[in-house]
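The chain contents come next:
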Amino acid sequence: MPYFANRLCIVTNSLSKYSNLTQRIIAGLLGSAGIIAAICFSPWTYCLVFFIICLFSLLEFYKLAGLDGVVPQKVFGTFCGVAIYLLSFFVEKGDISYRYYFLIFPIVSCVYMIKLYKKFERKPFTNIAFTFLGIFYVGVPFALLNVAVFVDGAYNYEIIFGCLFILWASDTGAYFAGTFFGKRKLFERISPKKSWEGFFGGALLALAFVFGIAHYFHTLTQMQWVIVGLIIIIGGTFGDLVESLLKRSIEIKDSGDSIPGHGGFLDRFDGLYICAPFIVAYLEIVRA
């Protein structure tokens, strides 16, 4: 992991001389190209790239929680989150039995026992709650992605490929529509910069991508792609607002500075945390 952290720092420093918009475009293109290449190449590269994203997102979450005076179990919480992600990968891939999912419960229950050996904590159960929140908010959605990409043990990148493109289209459309036309506030109490114009701009661009993706990818029917697209448009917006609520409660602007022009990993993938459970629930129902 230090190798990836060092590479990330080098890229961040090299882009710092450009404007925020230029940084956003370059980082977005490079990052999305790397993720898409990994997804399309093999299930192992898909697993690796989302393992890295999950890891850094968990570390960012626990760092933010610490800024608010909370003392979550950063190391063990991060371990639990990535362990659940890897466990779901191997189960859904068919390498191990689904019965291994039951390991999740004793593993995460160790959070309580570990806290018994921590001295001088004013609110230990508040810290326990934030440890579980990181696992559930970040680790579980990434684990659910594995349910979407494996069908009866066979890897199919089309769904995750399509979902990411729709989500990125929604974010991009919302950013530019909100920047140039935004007047009516969407949710001013939580995120003063977000507007209805941005929401509808993102929705239109996302729907355009939905129909393009449905034309080339036939894992889902066109109507199913439309429903998935609507889930992403709405869920992605709520995911952004939820993360804004987290940052507002801590009184910070960005969750980090790992990705130039985008903030941190939580900022970049916030829509995915809320979308993933709804998408997987829908897919599992229509597949039944």
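Just so it is clear, the structure is predicted and the values come from calculations on it, not from any experiment.

1. Considering the packing of helix H9 (residues 222-250) against helix H10 (residues 265-287)
Alright, step 1. Closest axis-to-axis distance for the H9/H10 pair is 7 Å, and the angle between their directions is 140 degrees. With respect to their mutual orientation, H9 and H10 come out oblique. Two packed elements cross with a definite hand, and for H9 against H10 that hand is right-handed.
Alright, step 2. Per-class residue counts for the contact of H9 with H10 are 14 nonpolar, five polar and five charged.

2. Considerations on helix H3 (residues 43-67)
Alright, step 1. If you check H3, its first and last C-alpha atoms are 36 Å apart, about what 25 residues at 1.5 Å a residue would give, namely 36 Å.
Alright, step 2. Taken across its 25 residues, H3 has 18 buried, putting it largely inside the fold.
Alright, step 3. Phi for glycine 69, located one or two positions after H3, is positive at around 90 degrees.

3. Structural notes on the nonpolar core
Alright, step 1. Membership of the largest hydrophobic core comes to 76 residues, with the highest contact counts inside it found for Ile35, Tyr46, Phe50 and Phe142.
Alright, step 2. Among the elements that line this core, the one with the most residues is H3, at 14 residues.
Alright, step 3. Excluding anything up to four places from it in sequence, tyrosine 46 contacts Ala38, Ile39, Tyr85, Phe89, Leu145, Asn146, Val149 and Tyr155.

4. Description of the packing of aromatic side chains
Alright, step 1. Scanning the model with the defined rule gives 30 aromatic pairs in all.
Alright, step 2. Here the aromatic rings of tyrosine 46 and phenylalanine 50 are separated by 5.3 Å at their centres, their planes lie at 50 degrees, and the arrangement is tilted. Here tyrosine 46 pairs with phenylalanine 50, and both are found in helix H3, just four residues apart, close to one helical turn.
Alright, step 3. Among the aromatic residues, those joined into a ring-pair cluster are Trp44, Tyr46, Phe50, Phe61, Tyr62, Phe89, Phe90, Tyr137, Phe142, Phe150, Tyr155 and Tyr273.

5. Describing the pairing of strand E4 (residues 191-195)
Two faces, one strand: in a regular strand the side chains alternate between the faces of the sheet.
Alright, step 1. Where strand E3 (residues 185-187) lies against E4, two bridges are found, and the strand directions are antiparallel. Paired with lysine 185 across the bridge in E4 is serine 195.
Alright, step 2. Where E3 hands over to E4, the hairpin turn is made up of three residues, counted between the paired strands.

6. Some details on the environment of tyrosine 46
Alright, step 1. Residue class for tyrosine 46 comes out buried when judged on its relative accessible area of 0%.
Alright, step 2. In sequence terms tyrosine 46 and asparagine 146 are 100 residues apart; their C-alpha atoms lie 9.7 Å from each other.

7. Comments concerning empty space enclosed by the protein
Alright, step 1. Inspection of the entire model under this criterion finds one cavity of 30 Å³ or more.
Alright, step 2. Each pocket or cavity is described by its volume, and for the largest cavity that value is around 70 Å³.
Alright, step 3. Forming the walls of the largest cavity are Leu145, Ala148, Ile159, Ile160, Cys163, Leu272, Ala276, Ile279 and Val280.
Alright, step 4. When residues of the lining of the largest cavity are traced back to their parent elements, those giving at least two are helix H6 (124-149), helix H7 (158-181) and H10.
Alright, step 5. The biggest single contributor to the lining of the largest cavity is H10, with four residues.
Alright, step 6. Its residues assigned to classes, the lining of the largest cavity comprises nine nonpolar, no polar and no charged.

8. A word on the pattern of salt bridges
Alright, step 1. Enumeration over the complete set of coordinates arrives at six salt bridges.
Alright, step 2. Arginine 184 is the salt-bridge partner of glutamate 197, the closest N and O atoms lying 2.7 Å from each other. Highlighted residues: glutamate 197 in helix H8 (residues 196-216) and arginine 184 in the loop between H7 and E3, separated in sequence by 13 residues.
Alright, step 3. Two residues, aspartate 240 and lysine 194, come together in a salt bridge whose shortest N-O distance is 3.5 Å. Of the two residues, aspartate 240 is situated in helix H9 and lysine 194 in strand E4; the sequence distance between them amounts to 46 residues.
Alright, step 4. Since its relative accessible area comes to 23%, aspartate 240 is described here as partly exposed.
Alright, step 5. Salt bridges here are not isolated pairs; linked through shared partners, they connect Glu243, Lys247 and Asp267.

What counts and what doesn't
Residues numbered from 1 in each chain as written. Predicted model: local features only at pLDDT ≥ 70, side-chain atom pairs only at ≥ 80, totals over all residues. Heavy atoms only, no water. Axes fitted to C-alpha atoms, helices over the stretch in contact; angles between N-to-C directions. Helix = DSSP H or I, 4+ residues; strand = E, 2+ residues; numbered from the N terminus. Parallel < 35°, antiparallel > 145°, perpendicular 65-115°, else oblique. Left-handed = near helix turned anticlockwise from the far one by under 90°. Nonpolar A, V, L, I, M, F, W, Y, C, P; charged D, E, K, R; others polar. Expected span 1.5 Å × (residues − 1). Buried < 20%, exposed > 50% of the residue type's maximum accessible area, 1.4 Å probe, protein only. Core = buried A, V, L, I, M, F, W, Y, C linked by side-chain atoms within 4.5 Å. Contact = heavy atoms within 4.5 Å. Phe/Tyr/Trp six-rings, centres within 6.5 Å; stacked < 30°, edge-to-face > 60°. Pairing = 2+ DSSP bridges. 1 Å grid on protein atoms, 1.4 Å probe; cavity = no way out; pocket = protein on both sides within 12 Å on 5 of 7 lines; lining within 4 Å. Points joined across faces, edges and corners; volume = space filled by probe spheres on them. Salt bridge = Lys/Arg side-chain N within 4 Å of Asp/Glu carboxyl O.

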